[in-house]
Amino acid sequence: MKFFNPTVGWSALLLLALAFPFLAGNDYHLTVMSTAYIYAIATIGLNLITGYTGQYNLAHSGFMAVGAYTVGILTVDYNVPFWVAFALAGVFAAFLGFFVGLVSLRLKTHFFSIFTLCVGYIMYLVIEKWESLTHGTVGIIGIPAPPSIGSIDFSEARPQYYLVLFFLVASLWIMHRIVRSLMGRTFMAIRNGDDLAQALGINLMRTKLMAFMLSVFFSGLAGGLYAGFVRFIGPGVASVEHTFDMTMYMLIGGIGTLLGPLLGAIGVPWLTQYLQVLQDYRFVVFGPLLVLLVIFLPYGIVGTYMNRKRRKEALAAQAAATPHPARDIGAVPAAKGATHA
């Protein structure tokens, strides 16, 4: 039995995450990690539609902004309880995703990406210009933190960290169940080719639409968490730059894997934090590092490891199935000298 297996690895990561507040030097480190967890949830959603279904949605940050503004508008302007607004953030993002997906998913490859890029920019403009609803460029200030549970005050850094960690773990578990289910296999069949999926009897439009709605649902939940965590939101939340950041997290960690987007969403922000000492020159260092990673690990850290592991297993299975001449030498004379009764 191998010492390292997925159960051991995930358990070790969970224990490390639970112990992080006691290892962190100050609340700033907790804030950085909590923000990374929130974007990890959104990246997990983007990975579902891009890594598992093969549709690159460039409006993903727009749907995260929809979730954030749902919480902000309902709690600040209409005094709706935070948890009700938070639940509606994911539902409303998926509801809007139904209509966007109904139109955009009729397109394929880069045409779909270009269309969603335009949709994301429209979302940004609506948020910026619709001042009566979104408060325009001023943004929404004074968003309440999640209400306290007993003596646990979620306005403090450590309880907030554990709250965000809870939703991250729940999101990973749900995503694991999805990709291991029959639904997940249909998503991957579409990623491998529309014609192949249709030959298997898969309803392309319905399945793609389901993947799209699930993807933006996670993005909306991440946006709702972000609003309650930061307590202020502006139009910049919908910027397409955030979608490109999440794409980078997937590519570095490993697109189409569960662990890859998580490692990318956590590792990249911390790397940029440590490069802050270089000030304006940090991108001069980070850029070549990213290029080298793409050259030597084209499938990301986790994806390259998994590919190499599968390749070794295939070679080992092929070697075991191939007859070895040395093992058959003694059998040949016996066969020639055999007598029949």
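To be clear, the structure that these remarks concern was listed above.
Below is a summary of the structure that appears in this document. (Residues numbered from 1 in each chain as written. Predicted model: local features only at pLDDT ≥ 70, side-chain atom pairs only at ≥ 80, totals over all residues. Heavy atoms only, no water.)

Okay, the packing of aromatic side chains next. Taken as a whole and judged by the stated rule, the model has 18 aromatic pairs. When the ring centre of Phe22 is taken as reference, the NZ or CZ atom of Arg158 above it lies at 4.7 Å. (Phe/Tyr/Trp six-rings, centres within 6.5 Å; stacked < 30°, edge-to-face > 60°. Lys NZ or Arg CZ within 6 Å of the ring centre and 35° of its normal.)

Further remarks concern the environment of Gln55. Here Gln55 shows up in the loop between α2 (27-52) and α3 (60-77). On a C-alpha basis, the gap between Gln55 and Ala65 in space is 20 Å, while along the polypeptide they are 10 residues apart. If sequence neighbours within four positions are ignored, Gln55 has contacts with Ile49, Thr50, Leu105, Leu107, Phe112, Ile190 and Lys208. (Helix = DSSP H or I, 4+ residues; strand = E, 2+ residues; numbered from the N terminus. Contact = heavy atoms within 4.5 Å.)

What follows is about the environment of Ser104. You can see Ser104 is positioned in helix α4 (residues 82-104). C-alpha of Ser104 to C-alpha of Gly201: the two residues are 97 residues apart in sequence and 22 Å apart in space. Contacts of Ser104, omitting those with residues within four sequence positions, involve Phe112, Phe115 and Thr116. At a separation of 2.8 Å, a polar atom in the side chain of Ser104 contacts the main-chain carbonyl oxygen of Val100. (Polar contact = N/O pair within 3.5 Å; in protein donor to acceptor, adjacent residues only side chain to side chain.)

Moving on to unusual backbone geometry. With a phi angle near 50°, Thr109 is a residue other than glycine that sits in the positive phi range. Tracing the chain through its elements places Thr109 in helix α5 (residues 109-129).

What follows is about helix α8 (residues 182-192). Looking only at α8, the buried set comprises Gly184, Thr186, Phe187, Ala189 and Ile190. Within two residues after α8, Gly193 carries a phi angle of roughly 155°, on the positive side. (Buried < 20%, exposed > 50% of the residue type's maximum accessible area, 1.4 Å probe, protein only.)

Further remarks concern the pattern of salt bridges. Side chains carrying opposite charge are able to pair once their charged atoms draw close together. The full count for this structure, using the stated rule, is 2 salt bridges. With a shortest N-O distance of 3.7 Å, Lys108 and Asp194 are connected by a salt bridge. Taken together, the positions of Lys108 in the loop between α4 and α5 and Asp194 in helix α9 (residues 194-199) put the pair 86 residues apart, joining distant regions of the chain. A relative accessible area of 47% means that Lys108 is categorised as partly exposed. Linking Lys208 and Asp194 is a salt bridge whose minimum nitrogen-to-oxygen distance equals 3.2 Å. In this pair, Lys208 sits in helix α10 (residues 204-230) while Asp194 sits in helix α9, placing the two residues 14 residues apart along the sequence. (Salt bridge = Lys/Arg side-chain N within 4 Å of Asp/Glu carboxyl O.)

With that settled, consider the packing of helix α7 (residues 157-179) against α10. Two numbers describe how α7 lies on α10: the axes approach to 11 Å, and their chain directions differ by 175°. Judged on the interaxial angle alone, α10 and α7 are roughly antiparallel. Residues Gln160, Phe167, Ser171, Ile174, Met175 and Ile178 of α7 form the contact with α10, whose own contacting residues are Leu214, Phe218, Leu225, Gly228 and Phe229. (Axes fitted to C-alpha atoms, helices over the stretch in contact; angles between N-to-C directions. Parallel < 35°, antiparallel > 145°, perpendicular 65-115°, else oblique.)

Looking at the secondary structure, you find Ser155 in the loop between β1 (140-141) and α7. Placed 131 residues apart in sequence, Ser155 and Ala24 show a C-alpha to C-alpha distance of 18 Å. In this view, Ser155 contacts Ala145, Gln160 and Arg231; residues no more than four positions away in its chain are not counted. A polar contact of 2.8 Å, which involves the side chain of Ser155, links it to the side chain of Asp153.

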